[in-house]
Amino acid sequence: MYTSWTLPSSASSTLPWEDGKYGILKEEQNEKKNKGKILRSVKINEKYPPCGSGKSGFPKVLSVTESFAKVIHGLQVGHLTDRVIQRSKRMVLDALGVGLLGTSTEVFHKASGYSKIHSMDFDDTWHPATHPSGAVLPVLMALSEALPPSPKYSGLDLLLAFNVGIEVQGRLLRFSKEACDIPKRFHPPSVVGTLGSAAAASKFFGLSVTECQEALAIAVSHAGAPMANAATQTKPLHVGNAARHGLEAAFLAMLGLQGNKRILDSETGFGAFYANYSPKVLPDLDSHTWLLEKQDVAFKRFPAHLATHWVADTAASVRRHLVTDKAPLPIDRIERIVLRIPDVQYVNRPLPKSEHEARHSFQYVACVMLLDGVITVPAFHKRQIDRPQVRELLGKVELEHPRDNLPNFNTLYCEMSVALKDGAVFTERSDTFYGHWRKPLSQKDLQEKFRANSCRTLSCHAVERLIEIVENLEDLEDCSVLTTLLKETSSPKIASKSIQHLTVPSYNLSYGLTTSK
């Protein structure tokens, strides 16, 4: 039943390992697995040198593109650090849960082939701005199910390929100042995510340096989607297409298709997507440091644009001045609501009409939190958006854009002032919300989010087993166990009940609030 990780038909019809030209791939993979048995028998928390430490043996790097290909090809399990493993396991768990929840959306039913993880804008967010996991994890889940059963792909294989895909995205984003801010032209996952997918697939397949280089070149020609489709049903396809097209790029590279050998070096190559593009050759493997080691991701507590999470925390703090016990919000006493936020046009939606517009509306998230005191998954349903109380509050909201409040997920803040008709004014500010990389969700809350997201689709047994397996993913011998559990559906009765009560609460909002001014 669960099809989130299914290979696209255009790819599955030309599986390279079924082609005579690549008939030796399976044998080569077995040889690589046998060589890696000793390495995989060593526990992660023990100190052992990364594979390839010391002299790499590579010739002098001539281009940025070649340096990326060599890093993709050369990184090994031994390069993974404890912190990178722990952080990436959290990303995997969250993305699985968000993908499962995504199967309940209208977008999923209209475009079921490749639109689950980002269908509700509930997936992780990184800095510089992108959704890193959604373009990479589906590819690896599909491959772990579709590839021949021998050799087996382990949890460490998955974690390595996953982190290679994440790393490539982060490195590319750091080649442009434009990429550091909330995007205005291209949706980042559609750009860097496509290359991250190609890199992850290339690593999982064990492609050569030349093939990795070709996969990147091919992926660039598949990349890019405009921000004009933000807050529409098409935006989730950006991430799905990135996964799909990156995988196809790896397939085509395996089949010998060639592209520009300097695609990442050129302003007319990957540089076409970003202003002030300044690529740099990657450090060699001897001095490699994972970006995820230094920069964690943000996990969302409700399905909406990340910038709205600052607004939700601020509104929750203001609400405590206006509401006591379980009394309703005194809407008739409110004169106006002022939000001081960055100037992000596609999240400025005074009167959202659909769930996707509501997920991209500073105003809507502020009003719902003031009115209800919590934001849940159903808060973005049409009937909730059209409530008379919500529409009345929306009419009172004004936006201001202070010059020091830049559209950057690492520095932005939200300040809210609610003025009452009697002259009282209440002001609160949030600099960091709970779930941001500076105040990450606890493991307990991350697991609760996964349970809430997956309980309507999977059996209780499968939900708890997935939590346990991902928690110990580095010890998993066969990744196909994950895909098997993802097919263990809940009974219709349990699923129906969970649909009615499915909520992802704003876990302990006080963690993300600053003191009032």
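Residues numbered from 1 in each chain as written. Predicted model: local features only at pLDDT ≥ 70, side-chain atom pairs only at ≥ 80, totals over all residues. Heavy atoms only, no water.

## Examining the overall build of the protein
Check the secondary structure of the protein and you find 20 helices and four strands. Counting every position in the protein, which comprises 517 residues, the buried fraction comes to 60%. Residue pairs at least 24 apart in sequence account for 81% of intrachain contacts in the protein once pairs closer than 6 positions are excluded. Carbon together with sulfur atoms contributes 52% to the accessible area of the protein, which is approximately 20,500 Å² in total. (Helix = DSSP H or I, 4+ residues; strand = E, 2+ residues; numbered from the N terminus. Buried < 20%, exposed > 50% of the residue type's maximum accessible area, 1.4 Å probe, protein only. Contact = heavy atoms within 4.5 Å. Areas by Shrake-Rupley, 256 points an atom, 1.4 Å probe, with all protein chains shown as cover.)

## Side note on the nonpolar core
Nonpolar side chains in soluble globular proteins tend to be buried together. Ranked by internal contacts, the top residues of the largest apolar core, which has 100 residues, are L195, F205, L264 and F270. Ranked by size, the runner-up nonpolar core spans 52 residues in total, among them L306, V368, L420 and W437. (Core = buried A, V, L, I, M, F, W, Y, C linked by side-chain atoms within 4.5 Å.)

## Section: unusual backbone geometry
For the bond from H127 to P128, the omega torsion is -5°, close enough to zero to count as cis. Although it is not a glycine, D121 adopts a positive phi angle of roughly 55°. What makes D121 buried here is its relative accessible area of 3%. The backbone of D325 shows a phi angle near 55°, a positive value even though the residue is not glycine. Looking at the element boundaries, D325 is found in the loop between α12 (307-322) and β1 (334-340).

## Here we look at the confidence of the model for the protein
Residues with a pLDDT of 70 or more make up 82% of the protein, whose mean pLDDT is 86. Residue range residues 8-14 is modelled with pLDDT below 50. Its contacts to residues more than four positions away, or to other chains, number nine contacts. Note that residues 492-517 has pLDDT below 50 and, in this model, 68 contacts with residues that lie over four places away or in other chains. (pLDDT = per-residue confidence, 0-100.)

## Topic: empty space enclosed by the protein
Using the criterion set out here, one finds four cavities of 30 Å³ or more in the structure. Of the pockets and cavities examined, the largest cavity occupies roughly 120 Å³. Considering the residues around the largest cavity, the lining is formed by 15 residues, among which H131, H187, H305, Y346 and F409 are closest to the centre. Residue composition of the lining of the largest cavity, grouped by class: eight nonpolar, five polar and two charged. (1 Å grid on protein atoms, 1.4 Å probe; cavity = no way out; pocket = protein on both sides within 12 Å on 5 of 7 lines; lining within 4 Å. Points joined across faces, edges and corners; volume = space filled by probe spheres on them. Nonpolar A, V, L, I, M, F, W, Y, C, P; charged D, E, K, R; others polar.)

## Overview of the environment of V470
For V470, the position within the fold is in helix α18 (residues 460-471). C-alpha separation for the pair V470 and S88, spaced 382 residues apart in sequence, amounts to 9.9 Å. The contact partners of V470, leaving out residues within four places of it in the chain, are K89, V92, L93, L96 and L482.

## Some words on the sheet that holds strand β4 (residues 425-430)
Sheet strands line up and pair through hydrogen bonds in the backbone, either parallel or antiparallel. Judged by pairing direction, the sheet is mixed, and its four strands sit side by side in the order β2-β1-β3-β4 without closing on themselves. For this open sheet the edge positions go to β2 (397-400) and β4, each flanked by a neighbour on one side alone. Across this sheet, the average inter-strand angle for adjacent strands is 15°, counted without regard to direction. Inspection of the sheet shows β1 paired to strand β3 (residues 414-420) by six bridges, in the antiparallel sense. Counted as the bridge partner of R336 is A419 from β3. Here α12 sits on the sheet and contacts β1, β3 and β4; the angle it forms with β3, its principal contact strand, is near 30°. Here helix α14 (residues 362-372) sits on the sheet and contacts β1, β2 and β3; the angle it forms with β1, its principal contact strand, is near 130°. (Pairing = 2+ DSSP bridges. Axes fitted to C-alpha atoms, helices over the stretch in contact; angles between N-to-C directions.)

## Digging into the packing of α12 against α14
Close contact between α12 and α14 brings their axes to 8 Å; oriented N to C, the two are set at 30°. Of the two elements, α12 crosses α14, and the hand of that crossing is right-handed. Counting all contacts with α12, which are made through A307, T308, V311, A312, A315, A316, V318, R319 and L322, the residues of α14 involved are F362, V365, A366, M369, L370, L371 and D372. Counted by class, the contact of α12 with α14 contains 13 nonpolar, one polar and two charged residues. (Left-handed = near helix turned anticlockwise from the far one by under 90°.)

## A few points about the packing of aromatic side chains
Ring pairs (aromatic) are described by centroid distance and by the angle formed between their planes. This model, assessed by the stated rule, comprises twelve aromatic pairs. Note on F270 and Y277: the rings are 5.9 Å apart at their centroids and 55° apart in plane angle, and the pair reads as tilted. For the pair shown, F270 and Y277 are each scored as buried. Sitting above the plane of the W126 ring, R174 keeps its charged end 6.0 Å from the centroid. Above the plane of the ring of F122 lies K449, whose end atom (NZ or CZ) is 4.2 Å from the centre. (Phe/Tyr/Trp six-rings, centres within 6.5 Å; stacked < 30°, edge-to-face > 60°. Lys NZ or Arg CZ within 6 Å of the ring centre and 35° of its normal.)

## A look at the pairing of β1
Regular strands show a simple pattern: their side chains alternate between the two faces of the sheet. Among the seven residues of β1, five are classified as buried, and the element is accordingly described as predominantly covered. In terms of strand pairing, β1 meets β2 through four bridges, oriented parallel. The residue bridging R340 from the neighbouring strand is E400, located in β2.

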